[in-house]
Amino acid sequence: MPDVFRSLFAAYPDALIVADAAGAIVLANPSAEELLGYGTDELLGLNVDVLVPDAIRPRHAAYREAYSHHPRPRPMGTQVELVARRRDGSEVMVEISLSPLQRHGLPLVVAAIRDIGAYPRVKQALQRARYSEHVAQLGRIAVDARDPQRLVQQVPTIAANALQVGFARVFLVEPDGVAVRVASGVGSIDGEAVDDRIAIRSHGSLDQVLQHGRPVLVASLATESRFELPASYRAAGIECEAVVPLLDRGRVVGMLTARARQPGRFGEDEIRFLESLASLLATSLQRAESEEALKHAQRLESVGQLTGGIAHDFNNLLTVIQGNLQVLDKLPALAGDAHARQLVGAASRASHRGAELTGKLLAFASRQLLQPTAVDVAALLQSLAGMLRRALDQRIRIEIDVAPGCLPVLADAGQLEAALLNMAINARDAMPDGGILRFSAAPGGELGGALGEELAGSIAPVLGYVAISIADTGGGMPDEVKARAFEPFFTTKQAGRGTGLGLSTVYGFAKQSNGAVEIDTTLGVGTTLTLHIPAAAAADGAPARDTAAGAIAIPPGLDVLLVEDDPEVRAVMRTFLETLGCRVNEAASAEQALQGLGAGAPHRLLLTDIALGAGMRGTDLARLVEARVPGIAVLLMSGYSAELIDADRESPAGWELLRKPCSREELAQAIGRVLGPPG
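What counts, and where the lines are drawn
Residues numbered from 1 in each chain as written. Predicted model: local features only at pLDDT ≥ 70, side-chain atom pairs only at ≥ 80, totals over all residues. Heavy atoms only, no water. Core = buried A, V, L, I, M, F, W, Y, C linked by side-chain atoms within 4.5 Å. Buried < 20%, exposed > 50% of the residue type's maximum accessible area, 1.4 Å probe, protein only. Contact = heavy atoms within 4.5 Å. Axes fitted to C-alpha atoms, helices over the stretch in contact; angles between N-to-C directions. Helix = DSSP H or I, 4+ residues; strand = E, 2+ residues; numbered from the N terminus. Parallel < 35°, antiparallel > 145°, perpendicular 65-115°, else oblique. Nonpolar A, V, L, I, M, F, W, Y, C, P; charged D, E, K, R; others polar. Pairing = 2+ DSSP bridges. Salt bridge = Lys/Arg side-chain N within 4 Å of Asp/Glu carboxyl O. Polar contact = N/O pair within 3.5 Å; in protein donor to acceptor, adjacent residues only side chain to side chain. Phe/Tyr/Trp six-rings, centres within 6.5 Å; stacked < 30°, edge-to-face > 60°. pLDDT = per-residue confidence, 0-100.

Asks: Account for the nonpolar core, with residues named and values stated.
Replies: Ranked by internal contacts, the top residues of the largest apolar core, which has 41 residues, are Val409, Leu416, Leu420, Leu437, Phe439, Ile468 and Leu531. What Ile468 contacts, discounting residues up to four positions off in sequence, is Val377, Leu381, Val409, Leu416, Leu420, Met423, Ser440, Ala441, Leu529, Thr530 and Leu531. Ala160, Ala242, Val244 and Ala282 belong to the second largest nonpolar core, which has 35 residues in total.

In structure tokens:
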């Protein structure tokens, strides 16, 4: 019988250790030596404390001492996880049962130790815990790293270490959508070095992920029949692959892959782990893109504020220049001097070009005064296309495609036409050898993605947006040009061929119209510019101004109170008024104008600048004058359109707004509108 017991002890599959009251090991079976990493008989004489991790060894010694006084059969670790320390310092999860032999006359304890890490469920739980730890590691890096490239470099290493495989890659989809770039990787594969450009169709698994936006699992290259895989896989010994998409707002922008030399290496847990890494990486890339877009928008806003202020001062200068040129042009002394009239005409044309330039600056800065009405998009595109067919190179074919039921848009008709014309001119310049210029319009619904974020602070239109696009078949834009396309004064045209304000004014118009503009461009294919403008309910809209009102005769001797802080501008406006037959009382400030009211002058019209230096503003002056002089007409003017916008929003309907610089005829028309028909 002793031989039978000895044989049972040696053959038992669980590890068995027999220790005395002091904890010294007196017997150990081969299973114990194998589990704990010791050679034959190396465990004999050691204290059981060497099998306990260092962190809990003091507690274990106290527990063993207490157990020696009251030995009894019992399982260990019912409330906690037990870990045994192996000879090499590694640890293994175990279950332990203690059986004292005192009742049999032996001062010994038998410890039966079982490796529970070998259980499928436990192995899976440990594996998932390991994956979660690696995801948490990447999460910590993502929080700390401001540069997403650091994360791009770390992801393949973390994936390969967690999955214990030799190959991992991050691919990013190129702008053309037909290739990917190797952004980072672990493991050497021919044709997949970092920064290599790879045709997606040559990698069937990548193509599947791009087309469907879902993970792809290749369990074994030998049995894969859905698509072709590169020959370089076999050369590297790859037998198994898992590919998951990097998604940005539902769009595939890249892929994360892991590859192994053993078939069937990946399952659902590995796919979920890779998806977690991919989600963190995609979120980080999206955050970096949003932050860069915000910085870009802030730069544009800063430039807009600066250009708006410059345009204000420049418009005052142009008012003086244009006004004096108009006066010169009417002088009898110049009537017979052809050369002098030619010089005046050239100067006048130059000043008008300066006014157009400041208008573009104000459009970019979103500070021009808009008068939105419901605009029939189909009619506008037909009219614009008809004009361009006569003006453009005959090698450029113009096409129009307006979706049935496309609603009108709520926009300033003149500014919308100017924006579309700017877009069309850029498209023309992109096709020096001819091509197709395509106008299209369709309901745009709600804006999502980057455009939706850009308009997050705006009031969403009830009827959604209308997308108005102009597409060309030119050479397209490289990424660095696309990134700067809306910057003022940025141009790729030759010197003298453009101001660089065309697309920047389109950007400003779209933004001020509670809309957006986007560029879709592919090198060698062409560019599509799309305006997203709020839809309007009907085409009647707000009534347009009565242009015939300017024909109303200004009453002779009309008494006008002119208030303007710039003396040269005031002199020009006084000259205009006097040549229109008006009697003028002028003031350099609101306070001076109010003092003049006390003299009993029968003023019928107040013509005032909005910004009057450090004193009271023109709008406040107008309210006081209306209260003191019932029935007086009010005409506000400004060279800074933001002031006109504010005045348009806050002023009574009867007040008229006049933008500087203005001609004498424009001033007369504004006076006619504000006075109204006789009687």
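There is more to say after this.
Asks: Talk me through the packing of helix H16 (residues 590-597) against helix H17 (residues 618-628); I want residue IDs and the actual numbers.
Replies: Following both chains from N to C, one finds H16 and H17 inclined at 5°, their axes separated by 11 Å at the closest point. By the angle class used here, H16 and H17 are roughly parallel. Each of Ala590, Ala593, Leu594 and Leu597 in H16 lies in contact with H17, whose residues at this interface are Leu621, Leu624, Val625 and Arg628. Of the residues in the contact of H16 with H17, the class split is seven nonpolar, no polar and one charged.

Asks: Which residues make up the sheet that holds strand E9 (residues 197-199), and what values do they have?
Replies: Strand order across the open sheet formed by six strands is E9-E8-E7-E12-E11-E10, with antiparallel pairing between neighbours. Among the strands making up the open sheet, the edge pair consists of E9 and strand E10 (216-218). Within this sheet the neighbouring strands show an average axis-to-axis angle of 25°, counted without direction. In this sheet, strand E12 (residues 251-260) lies alongside strand E11 (residues 240-248) in antiparallel orientation, the contact comprising nine bridges. Bridge pairing in E12 places Val244 opposite Leu256. Running over the sheet, helix H5 (residues 148-163) touches strand E7 (167-173), strand E8 (179-186) and E12 and is turned about 60° from E8.

Asks: Can you tell me about the sheet that holds strand E22 (residues 605-609), naming the residues and giving the values?
Replies: Ordered by their spatial adjacency, five strands build an open sheet running E21-E20-E22-E23-E24, and the pairing between neighbours is parallel. One side of each edge strand has no neighbouring strand; the edge strands of this open sheet are strand E21 (583-587) and strand E24 (656-659). Here the strands of the sheet are splayed against their neighbours by 20° on average, with no regard to which way each runs. Pairing of strand E23 (residues 633-638) with E24, which is carried by four bridges, proceeds in the parallel orientation. Residue pairing for E24: Met637 is matched across the bridge by Leu658. Relative to the sheet, H16 contacts strand E20 (559-563) and E21, its axis offset from that of E20 by approximately 155°. H17 rests against E20, E22 and E23 of the sheet, and its axis sits at about 165° to E22.

Asks: Please provide a residue-by-residue account of the pattern of salt bridges, values included.
Replies: Tallied over the entire structure, the rule returns 27 salt bridges. For Glu586, the salt bridge is made with Arg574, and the minimal N-O distance between the two is 2.4 Å. Placement of Glu586 in strand E21 and of Arg574 in helix H15 (residues 567-579) is noted, with a sequence separation of twelve residues between them. Residue Glu586 is classed as partly exposed on the basis of its relative accessible area, which comes to 35%. The salt bridge involving Arg623 is made with Asp620; its shortest N-O contact spans 3.7 Å. Of the two residues, Arg623 and Asp620 are both situated in helix H17; the distance of three residues between them amounts to about one turn of the helix. Each of the salt bridges in this network shares a partner with another, and the network as a whole consists of Arg169, Glu192, Glu241 and Arg259.

Asks: How would you summarise the side chain of Ser513 if you had to cite specific residues and measurements?
Replies: Position of Ser513 relative to the elements: it lies in the loop between helix H14 (502-512) and strand E18 (516-522). Among the residues examined, Ser513 registers a relative accessible area of 10% and is labelled buried. In this structure the side chain of Ser513 is engaged in a polar contact, spanning 2.8 Å, whose partner is the backbone oxygen of Phe509.

Asks: So what's going on with the packing of aromatic side chains? Residues and values would help.
Replies: Per the counting criterion, the structure on display carries two aromatic pairs. With a centroid separation of 4.7 Å and an interplanar angle of 20°, the aromatic rings of Tyr131 and Phe273 are classed as stacked. Within this pair, whereas Tyr131 is found in helix H4 (residues 120-144), its partner Phe273 is found in helix H8 (residues 268-329), the two being separated by 142 residues in sequence. The pair Tyr131 / Phe273 is uniform in exposure class, with both members buried.

Asks: Any details on the confidence of the model for the protein? Residues and values, ideally.
Replies: Per-residue confidence for the protein gives a mean pLDDT of 81, with 81% of residues at or over 70. For the stretch residues 494-500, pLDDT sits under 50, and the model shows nine contacts to residues farther than four places along the chain or on other chains.

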